[in-house]
Amino acid sequence: HLSTMASGASKTFHLLLATVLLATSVHCLTTGRISDDEFILTEEQIKTFFQNGLVTIPNVLKNEEVVFMEDAFEKFLNGTIKVPDKDFCDMSKPFGTPREKWSIVNAMLPTQYDPSLEGNLYERLTQSMAHQLFPSKNMTKDYDQLLNKLPGKSDAVFAWHQGRSK
């Protein structure tokens, strides 16, 4: 009886080991979205990021996954979610410009005003990417912002910029 159990345990161990090895080798060869919490960058994407300071990552979200965020952001744009003072403005114009003259709608800290956005799919996937780019750093989201450049506004300019490091 003991030898049968040992034999069975050995088979189970070998099967488990083979599964782990297979999963490890597949994981290493796979890039792109692995789960709702993990997106594996290619070596080329990482290289491009460090060479150019940015990289375009295709297919992070599916069209149907963007709908949740579009619906939430629409509530900011139509005023259903109230954002006070300078946290809701057109940053391309002087503060106090009437809304009908805005070219860019800027909502600062949308997750503060709509907590359902906190920890959304996009945040989780980009956290995974940030960890791959800077594995020795414990990076977390510092700030979030919604920008909506209104159609037909030639002065809807939000200049490329880089914030200061802390």
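### Description of the overall build of the protein chain
The helix and strand inventory of the protein chain stands at five helices and five strands. Secondary structure elements of the protein chain, listed N to C terminal, follow the sequence α-β-β-α-α-β-β-α-α-β. In the protein chain, which comprises 166 residues, the share counted as buried stands at 26%. Looking at the protein chain alone, contacts between residues at least 24 apart form 58% of all its contacts between residues at least 6 apart.

### Notes on helix α3 (residues 63-77)
With 15 residues, α3 should reach 21 Å at 1.5 Å per residue; the first-to-last C-alpha distance of 20 Å fits that figure. Of all the positions in α3, only E65, M69, A72, F76 and L77 are classed as buried. Tucked into the core, α3 has its buried residues touching β1 (32-33), β3 (88-89), β4 (104-108), α4 (110-113), α5 (121-133) and β5 (145-149). Phi for G79, located one or two positions after α3, is positive at around 85°.

### Examining helix α2 (residues 43-52)
Residues Q45, T48 and F49 constitute the buried set of α2. End-on view of α2: buried residues confined to an arc of 105°, all on one side of the axis. Exposed and oriented more than 90 degrees from the buried face of α2 are E43 and Q51. Contact partners of the buried residues in α2: α5. Phi for G53, located one or two positions after α2, is positive at around 85°.

### Brief notes about the packing of aromatic side chains
According to the stated counting rule, one finds five aromatic pairs in the structure shown. Through a chain of ring-to-ring contacts, three or more aromatic side chains come together here, namely F49, F50 and F134. Of note, K86 hangs over the ring of F95, and the distance from its end group to the ring centre comes to 5.1 Å.

### Digging into the confidence of the model for the protein chain
Averaged over the protein chain, the pLDDT score is 80; the fraction of residues at 70 or greater is 78%. Note that pLDDT drops below 50 for residues 1-27; the model gives that stretch two contacts with residues more than four away or on any other chain.

### What about the side chain of T111?
Position of T111 among the secondary structure elements: in helix α4. Using a relative accessible area of 10% as the deciding quantity, one classes T111 as buried. A polar side-chain atom of T111 sits 3.3 Å from a polar atom in the side chain of E118. Side-chain polar atoms of T111 contact the side chain of K141, separated by 3.3 Å. Excluding residues within four positions of it along the chain, T111 makes contact with L117, E118, E123, K141 and D144.

### Quick notes on the sheet that holds β5
Across the sheet, three strands lie side by side as β3-β4-β5; this open sheet has antiparallel pairing. Strands with a single pairing partner mark the edges of an open sheet, and in this sheet they are β3 and β5. For β3 and β4, the ladder comprises two bridges, and the chain directions are antiparallel. Counterpart to F88 in the pairing with β4 is A107.

### Concerning the side chain of S128
If you trace the backbone, S128 turns up in helix α5. Apart from the residues within four sequence positions on either side, S128 is in contact with D37, E38 and F39.

So, how was this worked out
Residues numbered from 1 in each chain as written. Predicted model: local features only at pLDDT ≥ 70, side-chain atom pairs only at ≥ 80, totals over all residues. Heavy atoms only, no water. Helix = DSSP H or I, 4+ residues; strand = E, 2+ residues; numbered from the N terminus. Buried < 20%, exposed > 50% of the residue type's maximum accessible area, 1.4 Å probe, protein only. Contact = heavy atoms within 4.5 Å. Expected span 1.5 Å × (residues − 1). Arc of directions from axis to C-beta. Phe/Tyr/Trp six-rings, centres within 6.5 Å; stacked < 30°, edge-to-face > 60°. Lys NZ or Arg CZ within 6 Å of the ring centre and 35° of its normal. pLDDT = per-residue confidence, 0-100. Polar contact = N/O pair within 3.5 Å; in protein donor to acceptor, adjacent residues only side chain to side chain. Pairing = 2+ DSSP bridges.

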